Amino acid sequence: LFDGVYPFYPQQRKAAVFDIRTIIVIVVFLTLAGSFLLIIPGIRGRARLYWTLRVLLSLFVGVVIVVVQFTGDWETGWVQANTSYKSFSHIQVNVDIGLHIGLAGMNVTLRGNPVNQINETINYNEHFPWNFGADYDRSYSEGLEKGLPSPILYVAEKFSTQSPCAVHRQYRIAGHYASAMLWVAFCTWIISNILFSMPVLVYGGYMLLVTGAFMIFSLLSFSTVRNSPMCLIQIGTRTLHVAYGGSFWLMLAIGLLCFVAGITIVAMHHLSLDLLKAFFDLREDKTEEYQEMPEIFVNPHFVNKGL
């Protein structure tokens, strides 16, 4: 062992929920938010509050749309059970087995209770991709060659192309179209921000509604995997059940938020346009039009002639 790791096997490429790509996206959006907060003191009056609310809320929507592309908790499940640790062995271990399903693949985690059992450290996290361009069966075969614990291979086998469960193709297509719709939602989010910076606020509201619609479409696409019955994942005497995870519910909340914001903007355009322009700092300042000249010079010669 080299520092507790077998030296001939590469370490896992992706964390269960957050990986390096997720952190990069969050850092980029935090940098944008921090840059805006540095210039916000230069905005005067009530517009400062309106700008802060609009920009931070818009950045939050954008970062959620991008981050959930790479998270692995669209569906999650955990179970604690006593099960065999290796093939052809009757030794039982007490472990927590977790299943984390994302748009591009899934992670199977195995953690011992306690971690150190039978003179080994039981703490695994293995990623099996099924996105277009990836070979799930090859990843599963590599896991067999590495000698992964039996519970991980058992769960991963349920999602292989040769499994009688026949859910691999469903998850792969559903995740692909959900990801595509989220990228479209990201593009419409950018367009809505451009429209909000112009005096066409109602079209920005319409585009925000389109953004929310594509978010909901992505959820509907992913939820189609529930149309096919899922095989039971029996670990010892316990059954591993999966349910919608944090990314799914977060995307649902952001989609509904976009709908509410879009409907509010469209309604204010027809009911209270001046208030809407004030919120977006686009209200025309007409004080100069009605402001009287402080000093007027009149030529008495023309006044006397009635001119």
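Here the structure is shown first, and the text comes after it.
All of the points below concern the structure found in this document. Every value quoted in this text rests on a predicted model; they were computed, and no experiment measured them. (Residues numbered from 1 in each chain as written. Predicted model: local features only at pLDDT ≥ 70, side-chain atom pairs only at ≥ 80, totals over all residues. Heavy atoms only, no water.)

Below, the discussion takes up the nonpolar core. As a rule of thumb, soluble globular proteins bury nonpolar side chains together. Residues Trp-74, Leu-99, Met-106 and Phe-159 are the most contacted members of the largest nonpolar core, which totals 69 residues. A total of nine residues in this core trace back to one element, the largest contributor, which is helix α2 (residues 47-67). Among residues more than four places away in sequence, those in contact with Leu-99 are Glu-75, Thr-76, Gly-77, Met-106, Asn-107, Val-108, Val-155, Phe-159, Ile-233, Leu-240 and Val-242. (Core = buried A, V, L, I, M, F, W, Y, C linked by side-chain atoms within 4.5 Å. Buried < 20%, exposed > 50% of the residue type's maximum accessible area, 1.4 Å probe, protein only. Helix = DSSP H or I, 4+ residues; strand = E, 2+ residues; numbered from the N terminus. Contact = heavy atoms within 4.5 Å.)

Taken as a whole and judged by the stated rule, the model has one disulfide. Two residues share a disulfide in this structure: Cys-165 and Cys-231, whose sulfurs sit 2.2 Å from each other. Measuring handedness by torsion sign, the sulfur bridge of Cys-165 and Cys-231 sits at about -130° and is left-handed. Taken as a pair, Cys-165 in the loop between α4 (150-157) and α5 (168-196) and Cys-231 in the loop between α6 (201-223) and β5 (233-235) lie far apart in primary sequence, 66 residues in all. (Disulfide = S-S within 2.5 Å.)

This paragraph deals with the packing of aromatic side chains. Here the structure, examined in full by the defined rule, presents 16 aromatic pairs. Ring geometry for Phe-159 versus Tyr-171: centroids 5.7 Å apart, planes at 65°, classification edge-to-face. In this pair, Phe-159 sits in the loop between α4 and α5 while Tyr-171 sits in helix α5, placing the two residues twelve residues apart along the sequence. Among the aromatic side chains, those forming a connected cluster through ring pairs are Trp-74, Phe-128, Trp-130, Tyr-136, Phe-159, Tyr-171, Phe-222, Tyr-244, Phe-248 and Trp-249. (Phe/Tyr/Trp six-rings, centres within 6.5 Å; stacked < 30°, edge-to-face > 60°.)

Right, let's get into helix α1 (residues 20-39). Given a rise of 1.5 Å per residue, 20 residues ought to cover 28 Å, and the 29 Å separating the end C-alpha atoms of α1 matches this to within 8%. The set of residues buried in α1 consists of Thr-22, Val-25, Phe-29, Ala-33 and Phe-36. Buried positions in α1, seen along its axis, are confined to an arc of 75° and lie on one side of it. Structural note: α1 exposes Ile-20, Leu-30, Leu-38 and Ile-39 on the side pointing more than 90 degrees away from its buried face. The secondary structure elements touched by the buried residues of α1 are α2 and α5. (Expected span 1.5 Å × (residues − 1). Arc of directions from axis to C-beta.)

This next bit is on the sheet that holds strand β3 (residues 105-117). Within the open sheet, the five strands sit side by side as β4-β3-β2-β1-β7. Their pairing is antiparallel. Single-partner strands in this sheet number two, and they are β4 (120-129) and β7 (243-244). As defined by bridge partners, β3 adjoins β4 across nine bridges and the pair is classed as antiparallel. Along β4, the bridge assignment pairs Val-108 with Glu-126. Along the sheet face, α4 touches β1 (75-84), β2 (92-101), β3 and β4 and points at about 160° away from the line of β3. (Pairing = 2+ DSSP bridges. Axes fitted to C-alpha atoms, helices over the stretch in contact; angles between N-to-C directions.)

Now for the pattern of salt bridges. Once the charged atoms of two side chains with opposite charge are near each other, the side chains can pair. The full count for this structure, using the stated rule, is two salt bridges. Put simply, Glu-142 and Arg-138 hold a salt bridge, and the shortest N to O gap is 3.5 Å. Here Glu-142 and its partner Arg-138 are both found in helix α3 (residues 136-146), four residues apart, which amounts to about one turn of the helix. The exposure class of Arg-138 is exposed, given its relative accessible area of 53%. (Salt bridge = Lys/Arg side-chain N within 4 Å of Asp/Glu carboxyl O.)

Right, let's talk about a nonpolar patch on the surface for a bit. Taken together, the side chains of Ile-20, Ile-23, Ile-24, Val-27, Val-28 and Leu-32 present a nonpolar region at the surface, about 540 Å² in accessible area. Checked against the element boundaries, Ile-24 lands in helix α1. (Patch = residues over 30% accessible without salt bridge, like charges linked within 9 Å, V, L, I, M, F, W, Y side chains within 5 Å. Areas by Shrake-Rupley, 256 points an atom, 1.4 Å probe, with all protein chains shown as cover.)

On to the pairing of β2. Extensive coverage of β2 is indicated by the burial of nine of its ten residues. As defined by bridge partners, β1 adjoins β2 across ten bridges and the pair is classed as antiparallel. What sits directly across from Gln-80, in β2, is Asp-96. Sheet analysis places β2 next to β3, joined by seven bridges and oriented antiparallel. Considered in β3, the bridge of Leu-99 is made with Val-108. Joining the antiparallel neighbours β2 and β3 is a turn of three residues.

Shape is all these values report; function is a separate question.
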